[in-house]
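Residue strings, one per chain:
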Amino acid sequence: MARYDRAITVFSPDGHLFQVEYALEAVRKGTLAVGVRGKDTIVLGVEKKSTAKLQDARTVRKIVKIDDHICLAFAGLTADARVLVNRARVEAQSYRLTLDEKVSVDYITKHIAGIQQKYTQSGGVRPFGISTLIVGFDALGAPQLYQTDPSGIYSAWKANAIGRNSKTIREFLEKHYVETSGRDTIKLALKALMETVEAGGKSVEVAVMEKDTGLRILSDDEVDALVKEVEAEKAAADAAKRGGQGAGGGSS
Amino acid sequence: MDYLMGIKGPDFVMVCSDTQAAHSVISIKHDEDKIVPLDSHKMFGIAGEAGDRVNFSEFVIANVKLYALRNSTELSTSSVAHFTRGELAKALRSSPYHCNLLLAGYDEKVGPSLYWMDYLATLNKINTGGTGYGAMFVLSLFDKLWHPNLTEAEAVDMMEQGIAEVKRRLVVAPPHYIIKIIDKNGIRTVKTV
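Here's what I pulled together on the structure shown here. (Residues numbered from 1 in each chain as written. Chains lettered and ligands numbered in written order. Predicted model: local features only at pLDDT ≥ 70, side-chain atom pairs only at ≥ 80, totals over all residues. Heavy atoms only, no water.)

## Digging into the interface of chain A and chain B
Cut-off, in case you're wondering: Contacts are assigned to residue pairs that have any heavy atoms within 4.5 Å of one another. By convention, the term buried area covers the 1.4 Å-probe accessible surface removed from two parts as they join, with the contributions of both added. We define a salt bridge as a side-chain nitrogen of Lys or Arg found within 4 Å of a carboxyl oxygen belonging to Asp or Glu. N or O atoms within 3.5 Å of each other form a polar contact, as long as, within protein, one can give a hydrogen and the other can take it, and as long as residues adjacent in sequence are counted only when both atoms are side-chain atoms. To qualify as a helix, a DSSP run of H or I must reach at least 4 residues; to qualify as a strand, a run of E must reach at least 2; elements of each kind are numbered from the N terminus. For this classification, the nonpolar set comprises Ala, Val, Leu, Ile, Met, Phe, Trp, Tyr, Cys and Pro, the charged set comprises Asp, Glu, Lys and Arg, and every other residue, Gly included, is treated as polar.
On the chain B side, the residues contacting the ten residues of chain A number seven residues. With both sides pooled, the region where chain A packs onto chain B buries about 840 Å², and carbon together with sulfur makes up 60% of that total. When the buried surface of chain A facing chain B is broken down by residue, A:Arg89, A:Gln93 and A:Leu97 rank first, second and third, together holding 60% of it. On inspection of chain A and its partner chain B, the count reaches one salt bridge. Across the salt bridge formed by A:Asp68 and B:Lys65, the nearest N and O atoms sit 2.6 Å from each other. Counting the contacts that link chain A with chain B gives three residue pairs in polar contact (both at pLDDT 80 or more). The set of elements that each furnish at least two residues to the side of chain A that touches chain B consists of strand E3 (63-67) and helix H2 (78-99) of chain A. Counted by class, the side of chain A that touches chain B contains three nonpolar, two polar and five charged residues.

## Here we look at the nonpolar core
Residues and elements named next belong to chain A. As a reminder, the rule being used: In this description, a nonpolar core means a group of buried Ala, Val, Leu, Ile, Met, Phe, Trp, Tyr and Cys residues linked to one another through side-chain atoms lying within 4.5 Å. Classification of residues uses two cut-offs on accessible area relative to the type maximum, computed with a 1.4 Å probe and protein chains only: under 20% is buried, over 50% is exposed, and between them is partly exposed.
Within the largest apolar cluster, 26 residues are counted, with the highest numbers of intra-cluster contacts made by Val-34, Val-36, Leu-173, Leu-190 and Val-206. Of the residues forming this core, the biggest block, seven residues, is contributed by helix H5 (residues 183-194). Setting aside residues up to four positions removed in sequence, Val-36 forms contacts with Thr-41, Ile-42, Val-43, Leu-145, Lys-158, Ala-159, Leu-173, Tyr-177, Thr-185, Leu-188 and Ala-189.

## A short note on the sheet that holds strand E4 (residues 70-76) of chain A
Residue and element names in this part refer to chain A. Quick note on the threshold: In this description, strands pair whenever DSSP reports at least two bridges between them. Note on geometry: axes are C-alpha line fits, over the in-contact stretch for helices, and angles between N-to-C directions span 0 to 180 degrees.
An order of E3-E4-E5-E6-E7 is seen for the five strands of this open sheet, with the pairing classed as antiparallel. For this open sheet the edge positions go to E3 and strand E7 (154-156), each flanked by a neighbour on one side alone. For this sheet, the mean angle separating the axes of adjacent strands, direction not counted, is 25°. Two elements, E4 and strand E5 (residues 130-137), share seven bridges in a ladder whose sense is antiparallel. The partner of Phe-74 across the bridge, within E5, is Thr-132. Where H2 meets the sheet, its contacts fall on E3, E4 and E5, and the angle it forms with E3 comes to roughly 25°.

## Details of the packing of H2(A) against helix H1 (residues 50-71) of chain B
Think of two packed helices as two axes; the pair is described by the angle between the axes and how far apart they sit. The following threshold applies: Here is the rule for angles: anything less than 35 degrees is roughly parallel, anything more than 145 is roughly antiparallel, 65 through 115 is roughly perpendicular, and the remaining ranges are oblique. Each crossing gets its hand from how the near helix is turned against the far one by less than a right angle, where anticlockwise is left-handed and clockwise is right-handed.
With their axes 9 Å apart at the nearest point, H2(A) and H1(B) run at an angle of 155° to one another. Between H2(A) and H1(B), the angle is such that the two are roughly antiparallel. Crossing hand, H2(A) versus H1(B): right-handed. Residues A:Asn86, A:Arg89, A:Val90, A:Gln93 and A:Leu97 of H2(A) form the contact with H1(B), whose own contacting residues are B:Glu58, B:Phe59, B:Ala62, B:Lys65, B:Leu66, B:Leu69 and B:Arg70. Its residues assigned to classes, the contact of H2(A) with H1(B) comprises six nonpolar, two polar and four charged.

## Concerning the side chain of A:Thr9
All names here are of chain A. Note that Thr-9 resides in the segment before helix H1 (18-29). According to the relative accessible area criterion, Thr-9 is buried, its value standing at 9%. Those residues in contact with Thr-9 that lie beyond four places of it in its chain are Leu-17, Gln-19, Val-20, Tyr-119, Thr-120, Val-125 and Pro-127.

## A few points about the side chain of A:Thr132
All names here are of chain A. Position of Thr-132 relative to the elements: it lies in strand E5. Residue Thr-132 is classed as buried on the basis of its relative accessible area, which comes to 1%. A distance of 2.7 Å separates a polar atom in the side chain of Thr-132 from a polar atom in the side chain of Thr-148. Residue contacts for Thr-132: discarding those within four places in its chain leaves Leu-72, Ala-73, Phe-74, Tyr-146, Gln-147, Thr-148 and Ile-162.

As structure tokens, this is what we get:
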């Protein structure tokens, strides 16, 4: 059978890889995913895609386990994500079998990013249309958050967002990020999500990873409760600001 | 020579193995645990060629884990037993794995199960069974003592009688043993002898 030898991703005269940039466009159209790293907690939050009335929402999964201690959320083409996640899962077990050790977050991120890069430099294939947020704990117990994108770049982050309106969310996080722990980290992630997504368990899914407990996906009720707390805090902060202005703005 | 015995009760499975790692006539290790967990409610007792034992069991464990992660659900004991047997059969006529295994597991709907596999890819579901020279003396003893309503204490006693028999009659009886149990709460070490 003929081998595919014609590359689809080739350079433009001014040094761009248009296929990669178009892939990033596809990512930008995908539903939002947010990752926040705390002192001892990592939180992944995703915007729940609106499902058709007859569709079973539980089968649409955007936060997945790669191994017991590593978790991934993505933005972009869901089918592409399925393939990449599968490759990562196989690699995680293969690593365990060969080295009798769990993969580190850094290793599996490098592996996934490597695959994404390979698809920008191979014949007959197009790049994967997804960016991923990969979370887990390193060997010393420190939380890690990594991001990959269709070009094959990867780097570690304190907090990041990918997908729809991710620029807005990232700016919000840049302004408001502080190193938090436990419940506060979850609330920070929720606050970021709520900048552009309607708040509530019906529209967001939140997953929390703590050092020894692995991944825990919060139930709709838990999310609703946290959203209430965040909204209450916001209202209190707004009232305090207005009260301060009123008192200080007496003169004109 | 490896000693491996298993007993299935109404709501538990118990496996006993010796803990000696030997290289011809030299005992390298006295505390080698030959009963390895596959997941929270299944374990392999593996006897036979030292390299094959570990290589094969680790391979099965990795594949079982991969399935669980891919499909967000764990395999049943029966499925694992058949998968393992299939792998033994696949390798049989090229480069066979020289190991005999006992697979013990507890499934919520089915309860406890005990499977016996040998290096020729035989698979049997059993109530009591085992491998090794020691098993030759102990199988008939267990046949006499086993009954369907066995308690955990009775099973431990059976295992200890088996170990005593091996020490009595086998020229090269291993010195130390470990007994593990699986019930609805998972895997637990009962005692070391």
